[in-house]
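Residue-level listing of the chains:
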Amino acid sequence: MTEKNVLTAIRDALHDEMSEDDRIVLLGEDVGARGGVFRISEGWVMEFGEQRVIDTPLAESGIVGVAIGMALHGLLPVAEIEFADFIHPAFDQIVSEAARMRYRSNGDFGCPLVIRAPCGGGIHGALYHSQSIEAYYGHVPGLKVVLPSTPADAAGLLRSALADPDPVLFLEHKKCYRAVKGEVPDGRYTTPIGLADVKRQGTDLTAVSYGYSLHLCLDAADRLHQDEGISVEVVDVRTIAPLDKQTILSSVRKTGKAIVVYEDNRTYGAGAEIASTIAEEAMFDLDGPLVRIGGPDIPAMPFAAPLEHYFIEPEPDHIYRAMRDLARF
Amino acid sequence: MVDLGTDATHPAREADDVRIALFRLMVRLRVFEKRAYDLFLQNLVKGTSHLGLGQEAIAAAFGLAMRPDDYTFCTYRGHDHTLARGVPMAPVMAELLGREGGLMAGKGGSMHLTSVEHGMMGSYAIVGAHLPIAAGAAWSAQVRGSGQVAVCFFGDGATNIGAFHEALNLAAIWKLPVVFVCENNLYMEYTPIGAVTAVEHPASDRASAYGLEPILVDGNDADLMFEVARATIDRARSGDGPSLVEAVTYRHGGHSRADPAKYRPASEEQEWLERDPVIVYRALLESSGVGSGTLTAIEAEAEAEIDEATELAKASPPSSVSLIERDVWSDGGSAWRS
Ligand SMILES: Cc1ncc(C[n+]2csc(CCOP(=O)(O)OP(=O)(O)O)c2C)c(N)n1
Ligand SMILES: [Mg+2]
């Protein structure tokens, strides 16, 4: 075990895998000499060479398209998008091509591609460096969408993504990069895609979350326990698609109450899918209203500090209070 | 040193009043960017920001050559282009600080400035996105017969994304009144543009693919930039179609606030610092007979202006959360589920 932050865990895991498997190539804007915006690949161009750490032109559609071609023919590309907000020019390549390749080829071949993209807000990034994009892509069959929130999960899920025969969109919440630290097992362990994780055991209610919101839930749960003895179970979704219904539902069936918390715009967000799954499959196990907390339905996270803060926490302690109200219901 | 080829012939001397106006505008942009940088260091400007220090001649020359109703489209590196259209300093600075008195009331910050009233149609954070949009604005001007011209600024990095090529072709086939201005500062963020581009001059070497004349100019030569701005805008206004200008320049600092620009050779930086457009132009004006007292007075006025703007910006309260859901829809609000 070694204590790391999320950024270091991702870097170390990717580095180790690249050392072990020379089919893996990293491509994206500034990933070479600079080592990427977040310095994940600093020095790697020297270590692995320009054939494996590839500085691309500014062209997201081209980056993903080229990566798909590489994936179809023996390589394991990791396409890095500088910020998730800039992925949209590649939407067509991801949705129309990568995700449909296996179905369209009648199973002849798949597309073992990983696309990494730093997402999420709370870092003064303003309208175009803060967005949540998981819902757009979670809607697409054939594409896996992963969003780890702890260093150990980030490393383990990245290894699974690299080993996965299908395309994986690997989202990294920027606010977790340095703020979240934790113990990371040594060695090349994997964390399965499609499996949620109970991050905190509890009996009174279930909070289902992911991304930076997960940490807000864990914090609120700890304080509620201290202040009022309320016991909150916190489920980390970890994989947006395919969703691990079983872990979520068995927790909800145990506690009888559920609150879903996510940073993205509330409407049509991933939390809507989670909430409707609970409503459809665990309705009669619920002893209270199904609660959903999402971001405001506005086009993007604004810049000024009070506005950005409002996006994440519209009222002081809103998650804590919603949990408390639900527990008391 | 970048070889600017033989296209860059020096223009006839501008009339003195134009030159003084150009100098004044460049100095104003310079003091603004320097102040913005100081305020980052004091942690008053949060988040990131992209300065135009060293690139002022391009925004200033075009700003001066444009008609008040012409359109500017620019990038996240857009403080200069915004100010050059006559937007006052105080609301721009207040926007950087995230204040209620900011140009966007604090919603956008440094990267997202717009002032339709000044023909400033937006600074765009998605690289390349604004090129087709500028072409569309030019189409509208054309069918309305308004005589307006759209001027669209972007970096060297933007020339490798599809939107650049789509927009150039659209503008060329429809002969639109738009001037595309590539500010080639030699780097796409941290990567030398030459390492990721098939041709040496990312914009001008591609002009012929769209049936346009290659226009490659020294973007640090203010007189030359003004000449090019006037000629290309005239051409657009008179119905002769679009132009693609490549202005070679250099940013004095890093790509953004957090970037110390260590990837640039010191000798290259030094060479370009010696070609600082503001300092060079000042010397040029002085040697051509403009009194140094006149120039010093212009600098003092700019300093006074930025001091006052900074005070005004700082005095403005932080943005109120009441505006967070404003202007999502045309009715001013954000409700969309009844
Ligand atoms: C579509 C898109 N991809 C990536 C980015 C991230 N990014 C912001 S600026 C930049 C470099 C742009 O370089 P250039 O066009 O030369 O402009 P400069 O910053 O030098 O003015 C990159 C890659 C972005 N904003 N938009
Ligand atoms: Mg550039």
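Every residue gets a number counted from 1 within its own chain, in the order that chain's sequence is written. Chains carry letters from A onward and ligands carry numbers from 1 onward, assigned in written order. For this predicted model, a pLDDT threshold of at least 70 governs which residues receive local features, and a threshold of 80 or more governs which side-chain atom pairs are given and counted, while totals over whole chains, interfaces and linings are taken from all residues.

A.B. asks: I'd like a rundown of the overall build of chain B, residues and numbers included.
C.D. replies: In DSSP terms, a helix is any run of H or I states spanning at least four residues, a strand is any run of E spanning at least two, and both are numbered starting from the N terminus. Scanning chain B from N- to C-terminus turns up 10 helices and eight strands. In terms of overall dimensions, chain B is globule-like: its C-alpha atoms have a radius of gyration of 20 Å, near the 20 Å expected for 338 residues. Over its C-alpha atoms, taken along the principal directions, chain B stretches across nearly 60 × 50 × 40 Å. Of all 338 residues assigned to chain B, the portion counted as buried reaches 53%. Whether two residues are in contact is decided by their C-beta atoms, placed from the backbone, lying within 7 Å. By sequence separation, contacts in chain B at least 24 residues apart represent 75% of the contacts at least 6 residues apart. The atom set for the radius of gyration is the C-alpha atoms, and the globule formula is 2.2 Å times the number of residues raised to the power 0.38. Exposure classes come from backbone-placed C-beta atoms, where a residue is buried if 20 or more other C-beta atoms lie within 10 Å of its own, exposed if 12 or fewer do, and partly exposed in between.

A.B. asks: Just give me the short version of the overall build of chain A, but keep the residues and values in it.
C.D. replies: Broken down by element type, chain A carries 13 helices and 14 strands. The C-alpha radius of gyration computed for chain A amounts to 20 Å, which stays within 12% of the reference 20 Å derived for 329 residues, consistent with globular compactness. Principal-axis analysis of the C-alpha atoms gives chain A an extent of 60 × 45 × 40 Å. Long-range pairs, those at least 24 residues apart, make up 81% of the contacts in chain A with a sequence separation of at least 6.

A.B. asks: Explain unusual backbone geometry residue by residue, including any values.
C.D. replies: Residue and element names in this part refer to chain A. P242 follows A241 through a cis peptide bond whose omega is 0°. In this structure, P242 sits in the loop between strand 12 (239-241) and helix 10 (245-255). The phi torsion at D317 lies on the positive side, around 55°, for a residue other than glycine. With respect to the secondary-structure elements, D317 resides in the loop between helix 12 (305-312) and helix 13 (318-328). Classification of D317 as partly exposed rests on a count of 15 C-beta atoms within 10 Å.

A.B. asks: I'd like to hear about the nonpolar core, residue by residue, with values.
C.D. replies: Nonpolar side chains tend toward joint burial in soluble globular proteins. Core analysis: the largest hydrophobic core is formed by 214 residues, its most contacted members being M323 of chain A together with V178 of chain B. With 10 residues, helix 1 (residues 16-41) of chain B is the largest single contributor of residues to this core. Here this core spans two domains, since at least three of its residues come from each of domain 1 (2-184) and domain 2 (197-328) of chain A. Ignoring sequence-local partners within four residues, the contact set of V178 of chain B consists of A134, A135, A138, V149, A150, C152, A171, A236 and P242 of chain B. As used throughout, a nonpolar core is a set of buried Ala, Val, Leu, Ile, Met, Phe, Trp, Tyr and Cys residues joined through C-beta atoms within 7 Å of each other. What counts as a domain boundary in this text is fixed by an automatic or database domain assignment.

A.B. asks: Help me get a handle on helix 7 (residues 222-237) of chain B, residues and values and all.
C.D. replies: All names here are of chain B. To estimate how far a helix should extend, the number of its residues minus one is multiplied by 1.5 Å. Here helix 7 spans 22 Å end to end across 16 residues, near enough to the 22 Å set by a 1.5 Å rise per residue. Among all positions of helix 7, only A222, D223, L224, M225, F226, V228, A229, T232, I233 and A236 are buried. The inward-facing, buried residues of helix 7 contact helix 1, helix 2 (56-65), strand 4 (178-184), strand 7 (215-218), strand 8 (243-248) and helix 9 (277-287). Once helix 7 ends, the next one or two residues include G239, with phi positive near 90°.

A.B. asks: Kindly report on the interface of chain B and chain A, identifying the contributing residues and their values.
C.D. replies: Between chain B and chain A, the residue contacts involve 34 residues of the former and 29 residues of the latter. Residues were grouped as follows: Ala, Val, Leu, Ile, Met, Phe, Trp, Tyr, Cys and Pro as nonpolar; Asp, Glu, Lys and Arg as charged; and all remaining residues, including Gly, as polar. Split by residue class, the side of chain B that touches chain A holds 16 nonpolar, 13 polar and five charged.

A.B. asks: A description of the domain arrangement of chain A should follow, citing residues and the corresponding values.
C.D. replies: Residues and elements named next belong to chain A. One can read the domain layout of chain A as domain 1 (2-184) and domain 2 (197-328). One C-alpha centre belongs to domain 1, the other to domain 2, and the line joining them spans 26 Å. Contacts between the two partners involve 26 residues from domain 1, matched on the other side by 23 residues from domain 2. Split by residue class, the side of domain 1 that touches domain 2 holds 12 nonpolar, 10 polar and four charged.

A.B. asks: Give a detailed account of the sheet that holds strand 5 (residues 114-119) of chain A, specifying residues and quantitative values.
C.D. replies: Residues and elements named next belong to chain A. DSSP bridges decide pairing: two strands pair if at least two such bridges lie between them. Judged by pairing direction, the sheet is mixed, and its seven strands sit side by side in the order 3-2-4-5-7-6-12 without closing on themselves. Bordering the open sheet on either side are strand 3 (53-55) and strand 12, each of which pairs with just one other strand. For this sheet, the mean angle separating the axes of adjacent strands, direction not counted, is 20°. With three bridges connecting them, strand 6 (residues 144-146) and strand 7 (residues 168-173) associate as parallel partners. Across the sheet, K144 pairs through a bridge with V168, a residue of strand 7. Against the sheet, helix 7 (residues 151-163) touches strand 2 (24-28), strand 4 (76-80), strand 5, strand 6 and strand 7, its axis set at about 160° to strand 7. Axes, fitted as lines to C-alpha atoms, cover a helix only where it is in contact. Angles between the N-to-C directions of the axes lie from 0 to 180 degrees.

A.B. asks: Residues and numbers for the environment of G28 of chain A, please.
C.D. replies: Residue and element names in this part refer to chain A. Considering the arrangement of structural elements, one finds G28 in strand 2. By C-beta crowding, G28 is classed as buried, having 27 other C-beta atoms within 10 Å. In this structure the C-alpha to C-alpha distance between G28 and G74, which are 46 residues apart in sequence, comes to 19 Å. When neighbours within four sequence positions are excluded, G28 is seen to be in contact with G36, T56, I63, A79, E80 and I81.

A.B. asks: Which residues make up the confidence of the model for chain B, and what values do they have?
C.D. replies: Low pLDDT marks stretches whose predicted atomic positions should not be read closely. Residues and elements named next belong to chain B. Per-residue pLDDT for chain B has a mean of 94; in total, 95% of the residues score no lower than 70. With pLDDT under 50 throughout, residues 1-12 is counted as low confidence; its partners more than four residues away or in other chains account for 17 contacts. Predicted as a complex, the structure gets a pTM of 0.96 and an ipTM equal to 0.96. The score called pLDDT rates the predictor's confidence residue by residue, from a low of 0 to a high of 100.

A.B. asks: Pulling in residues and values, what's your account of the site of ligand 1?
C.D. replies: Ligand 1 sits among 21 residues. The nearest are F86 of chain A together with V127, G155, G157 and E189 of chain B. Each residue receives a C-beta atom placed from its backbone. It is near a molecule or strand if this atom lies within 6 Å of it. Around ligand 1, the neighbouring residues derive from chains A and B rather than from a single chain. Of all the elements in the fold, those that place two or more residues in the shell around ligand 1 are strand 3 (150-155) and strand 5 (187-188) of chain B. When grouped by side-chain class, the residues that make up the shell around ligand 1 number 10 nonpolar, four polar and seven charged.

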